[in-house]
Amino acid sequence: MPTDANAFQTALALILGMDPVLLGIVALSLQVSLTAVLVAALLALPLGAALALWRFPGRGAIIVALNALMGLPPVVAGLTVYLLLSRAGPLGQFGLLFTPTAMVIAQVILILPIIAALTRQQIEELHGEYRDQLQSLGVSRPRMIPTLLWDARFSLLTVILAGFGRASAEVGAVMIVGGNIDGVTRVMTTAIVLETSKGNLPLALGLGLVLLGLVLLVNAAAHLVGETARRRLG
Amino acid sequence: MNDMLHPATAAMTAADDIAPLTFEAVSVTLRDQVLLHPLTLTLDGCHRTLVMGPNGAGKSLLLRLAHGLLAPSAGRVHWEGTTPRQAMAFQRPVLLRRTALDNLTYALAVTGTPRGERRERGREALARFGLAALEKRPARVLSGGEQQRLALARAWLTRPNVLFLDEPTSALDPAAIRAVEDAVLDFHRRGTRIVMTTHDLNQARRLADEVVLLYGGKLIEHTPADRFFAEPRTPEGRAFLRGELVW
Amino acid sequence: MKRPLALASLAFVTLALAGIGQARASDHFIVLASTTSTEQSGLFGHLLPAFTEASGIRVRVVAVGTGQAFEIARRGDADSLLVHDTSGEQRLVAEGFAAERADVMANDFVIIGPGHDPAGIAKAETVADALARIAETASAFTSRGDDSGTHRAEQRLWEAAGVEPAGAWYRELGSGMGQTLNTAAAMDAYVMSDRATWLVFENPRDLTLLFEDDEALFNQYGSLLIDPLRHPHLKHDLAMQWHRWLLSEAGQQAIADFEVQGQQLFFPNARPD
């Protein structure tokens, strides 16, 4: 089987060739997943922190639900968003199906539970340490949210990276809501599926290696930023 | 650290306005275990009250009840009058994961100080507590003594009428202990009522003008310091002074 | 330290959203739901630039199984359809979802299998005979099993052969054509494929074309327009232009011109009005 050896050559050729189609796919992948991570983080970080700080009826149920949703199959998320955004669905009039925006929405749904659930855990731990001091300073609970989020920033960076990992790796959701349209909604993972079904396994694996490299790069960059800041701020 | 911003006399007159803090039959029970037996006590004036007793006597509990960090299982803790501004220093200072200066500007932001004044006032406080050179250092990498001084600088900025200190020097070396004790006296000179726990008799002799002695979750004595150290009223007090009172 | 980070994030969101907005900026496009066979053979890569040049309209192809394409059409999520299940297409018209259906082109299905041909279908006279031999020898057969046009055609052929495909040898995958071929290659199984997908398939291993050229293997593609009354929001004018172009001389010629390895894959057969 020549496939495996060829994959590395193919990956290398893909990268060195700077093929404009590939670059477009890479750019869209990053754009969709990074936007999804950002939107999800903006919603999930305060949500997770609020869950850590407030006790209210139904809180346990929400936490269990979030933890369970961390394992939500991407296809189910995709199908849900598809039914919502479809013309026959409740949000149909916006015409978002088969657009990158739809893919962002699906990925937000996938990673929001991850970021929220892990944030709650981190913030609850930190709050245990800070509770007396913050209460002593007279910090209101809403005010504690940004304080704790900022002070947990290093561990939260890892949480956000976990979200990015899931977003960039999933294919089930973006395939359904994006439609894998050439030049419009084709991202790395859906391109890999397409090449696999064409039987072009070396190209599929080559694309996979490029995707792996990208994710590695983003993680390395985040790690570097985090470590530098950590060393500076303790 | 002794060059005072406010003359002691001016501060003392203001001190009379600090509302007395009253414990009315306050008790704390945790899972059927009585940690603090019904206790009635009033802390008033601008005293330097040292709360003493062996480990497990309920010193920290008393402080946390007073500061409102803990609700009593029974009884009532209340201020007779306007609730004063309060601050608390903990045995292990809790500092935010930010620079020394940012820890101070944060406290100022919380108390509603205008943004433009925060950095300057923060720097003043750092200088007053001998931390000016450490302004940009992450608070969490400072030494134990520096951290406790930073915590006191933070308390200083909030201009508390009452300062609670929970064994603030128990983990420090002698030089750092001295710096903290000086700071406590500075607070008092500015007109702040001091309520502090310690298990160090000598520290109590240096700082106290009245003593609260707890033993086994019970209030044993509440006595002016000179009288307590000269002639305790209770057998437990006498035993404590002889170093014979253990948990 | 806090503010530059916040500013950077804000700038990033703006950029990212702007970029995504740009992708949707031009409204001069239609969404075409079509089959994996047309997409994967490269036909659209050949047809669409010609159409876009002639009309200025871009076509966004969502390539799915024919069953899913029908569902997309029913929900009003595509402006036009190009699929290959004539009876299903006629039902869509009868139900009132599609306003118009026309033959566009055809190719044929072929039976693929391992080179040593354990069922001996290469010697079969008809496709019914070939399928019967596979069933008799209980040779492994992988079926799409995904309610696609190819899957529906395959089921009709089993019925015509008088065989109820069941048993351990008959494997319904629920996959697209390419994936089914991959699986067949790995299992040394028989499989029915449209000729176009088979010709461009690059991972045949031991698979080879064993049976072809039976009228029953004829594979008709049809173009459908969605009913404007049922889904008024769709771009019916643009879809109509695409539909007419496909059936026009220019469109039919473009289909005929598409070749892979010197072989024509789709045969235009629109009936002139």
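Here the structure is shown first, and the text comes after it.
My aim in this report is to walk through the structure given alongside it, one point at a time. Keep in mind that what you see is a predicted model, and the values were worked out from it rather than measured.

Things to note about the arrangement of the chains
The protein chains that touch form two pairs of chains, and the pair with the most contacts between them is chains A and C. Nowhere do chain B and chain C come into contact; their C-alpha atoms are at least 10 Å apart.

Looking at unusual backbone geometry
Despite not being glycine, Asp-32 of chain B shows a phi value in the positive range, around 70°. Summarising the element assignment, Asp-32 of chain B is placed in the loop between strand S1 (21-30) and strand S2 (33-43). The exposed category is assigned to Asp-32 of chain B, around which 5 C-beta atoms lie within 10 Å. With a phi angle near 50°, Gln-261 of chain C is a residue other than glycine that sits in the positive phi range.

With respect to the interface of chain A and chain C
Facing the 23 residues of chain A at the interface are 30 residues of chain C. Among the elements of the structure, helix H2 (20-53), helix H5 (100-137) and helix H9 (188-197) of chain A are those that each provide at least two residues to the side of chain A that touches chain C. Residue contributions to the side of chain A that touches chain C peak at four residues, all from H2 of chain A. Of the residues that constitute the side of chain A that touches chain C, the class distribution is nine nonpolar, eleven polar and three charged.

Quick word on the interface of chain A and chain B
In this complex, chain A contributes 14 residues to the contact, which on the side of chain B involves 14 residues. Those elements that place two or more of their residues in the side of chain A that touches chain B are H5, helix H6 (141-151) and helix H10 (201-233) of chain A. For the side of chain A that touches chain B, the element with the highest residue contribution is H5 of chain A, accounting for seven residues.

Observations concerning the nonpolar core
Counting residues in hydrophobic clusters, the biggest one holds 182 residues, and the most contacted among them are Ala-106, Ile-115 and Val-177 of chain A together with Ala-73 of chain C. In terms of residues, this core owes the most to one element, H5 of chain A, which gives 20 residues. In terms of nonpolar packing, the next biggest core, distinct from the first, is built from 32 residues, Ile-121, Ile-134, Ala-161 and Tyr-190 of chain C among them.

Conventions and cut-offs
- Residues numbered from 1 in each chain as written.
- Chains lettered and ligands numbered in written order.
- Predicted model: local features only at pLDDT ≥ 70, side-chain atom pairs only at ≥ 80, totals over all residues.
- Contact = placed C-beta atoms within 7 Å.
- Helix = DSSP H or I, 4+ residues; strand = E, 2+ residues; numbered from the N terminus.
- Buried ≥ 20, exposed ≤ 12 C-beta atoms within 10 Å, placed from the backbone.
- Nonpolar A, V, L, I, M, F, W, Y, C, P; charged D, E, K, R; others polar.
- Core = buried A, V, L, I, M, F, W, Y, C linked by C-beta atoms within 7 Å.

No statement about biological role is implied by the geometric values presented.
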